[in-house]
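# Coordinates in review
Single-letter residue listing:
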Amino acid sequence: MTTLIFIIIICIGIVLCIIRMGIGPTAADRAIAVDTATTVVVALLVLLGFVFDRYIYLDVALVYSIVSFVGLIAIARYLEKGI
Amino acid sequence: MQNTWEGKNSMNEIIFKILLIIGILFNLFGCIGLVRLPDVYNRLQSATKCVTLGTCSILLSLLFHFGFTEIGIKAIVAIPLLFFGATVAAHALVKGSYLFGVKLGDQSVIDEYKDEAEKSSEDKKKMNKK
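Attention here is on the structure that accompanies the text. (Residues numbered from 1 in each chain as written. Chains lettered and ligands numbered in written order. Predicted model: local features only at pLDDT ≥ 70, side-chain atom pairs only at ≥ 80, totals over all residues. Heavy atoms only, no water.)

## Concerning the interface of chain B and chain A
This is how it is decided: Here, two residues are considered to be in contact whenever any of their heavy atoms come within 4.5 Å of each other. We define buried area as the total accessible area lost by two parts upon association, computed with a 1.4 Å probe and summed across both. For this document, the term salt bridge refers to a Lys or Arg side-chain nitrogen within 4 Å of an Asp or Glu carboxyl oxygen. Here a polar contact is taken to be a pair of N or O atoms separated by no more than 3.5 Å, where protein atoms must pair a possible hydrogen donor with a possible acceptor and residues adjacent in sequence count only if both atoms sit in side chains. Starting at the N terminus, helices and strands are each numbered in turn, a helix being any DSSP run of H or I of at least four residues and a strand any DSSP run of E of at least two. Each residue is assigned to one class: nonpolar for Ala, Val, Leu, Ile, Met, Phe, Trp, Tyr, Cys and Pro, charged for Asp, Glu, Lys and Arg, and polar for all the others, Gly among them.
At the interface, 47 residues of chain B touch 41 residues of chain A. Taking both sides of the interface into account, the surface hidden between chain B and chain A amounts to around 4,100 Å²; carbon and sulfur atoms contribute 79%. Remark: the boundary between chain B and chain A carries two salt bridges. For D29(A), the salt bridge identified is with R43(B), shortest N-O distance 2.3 Å. Across the chain B-chain A interface, the total number found is four residue pairs in polar contact (both at pLDDT 80 or more). Elements with a minimum of two residues in the side of chain B that touches chain A: α1 (11–36), α2 (40–66) and α3 (70–100) of chain B. Looking at the side of chain B that touches chain A residue by residue, the classes come out as 34 nonpolar, nine polar and four charged.

Structure follows, in structure tokens:
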């Protein structure tokens, strides 16, 4: 029961990131919201793996963080001088 | 569900619970700051610092729960990847958004990067003339 409350709190964080993704005035706001959402989703995957006893989710979280890093570097490069 | 919250009350379990609660609260506060703060740079400050610390804390708590088994080692390998990845991406993003032309907020006091950005843009123009 307590772990369910933890998962719900993390999901509230993801919803807040999605709100900023919707109302962000500039493109940089939306990119920052995506960055934060990926990091929070890594935490959610680790918690889900702990609760449901499936530790393959840890590998998923590791690869997801690397892929999000590459994508954000591409977005930053585009904002700086264009592709 | 095999792993429940109510476990043994050894020292490792207490550290595990404290680190897990710290991580979840920092994640939530970082996301609240992302919505409430006024400026791109302030938002990036809140989001990157709080959320990275929270997620690293959750990963470290798994090490205390499982010890040095397969799962604990995997969690501790994920910490430096996440730490350096998130912070380097945030730095590149804030530099890119400054050069893109995002203004600072109304309440900002000082802008130390202004001269350096102008200098770099002048260098770019010279390079283009050559």
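## Re the packing of aromatic side chains
We count it as follows: Classification of ring pairs rests on two measures: the distance between centres of Phe, Tyr or Trp rings, Trp counted by its six-membered ring, which must be within 6.5 Å, and the angle between planes, read as stacked under 30 degrees, edge-to-face over 60 and tilted in between. Working definition: with a 1.4 Å probe on protein chains only, accessible area under 20% of the residue-type maximum means buried, over 50% means exposed, and in between means partly exposed.
Taken as a whole, this structure holds five aromatic pairs over all chains when the rule is applied. When the centroid spacing of 6.3 Å and the interplanar angle of 75 degrees are considered together, the rings of F50(A) and F66(B) count as edge-to-face. Here F50(A) is found in helix α2 (residues 27–52), whereas its partner F66(B) is found in helix α2 on a different chain. For F50(A), a relative accessible area of 2% gives the class buried. With centroids separated by 6.5 Å and ring planes inclined at 50 degrees, the aromatic side chains of Y41(B) and Y98(B) adopt a geometry described as tilted. Residue Y41(B) is located in helix α2, and its partner Y98(B) is located in helix α3; the two are separated by 57 residues in the primary sequence. Three or more aromatic residues joined by ring pairs form one cluster here, namely F50(A), Y55(A), F16(B) and F66(B).

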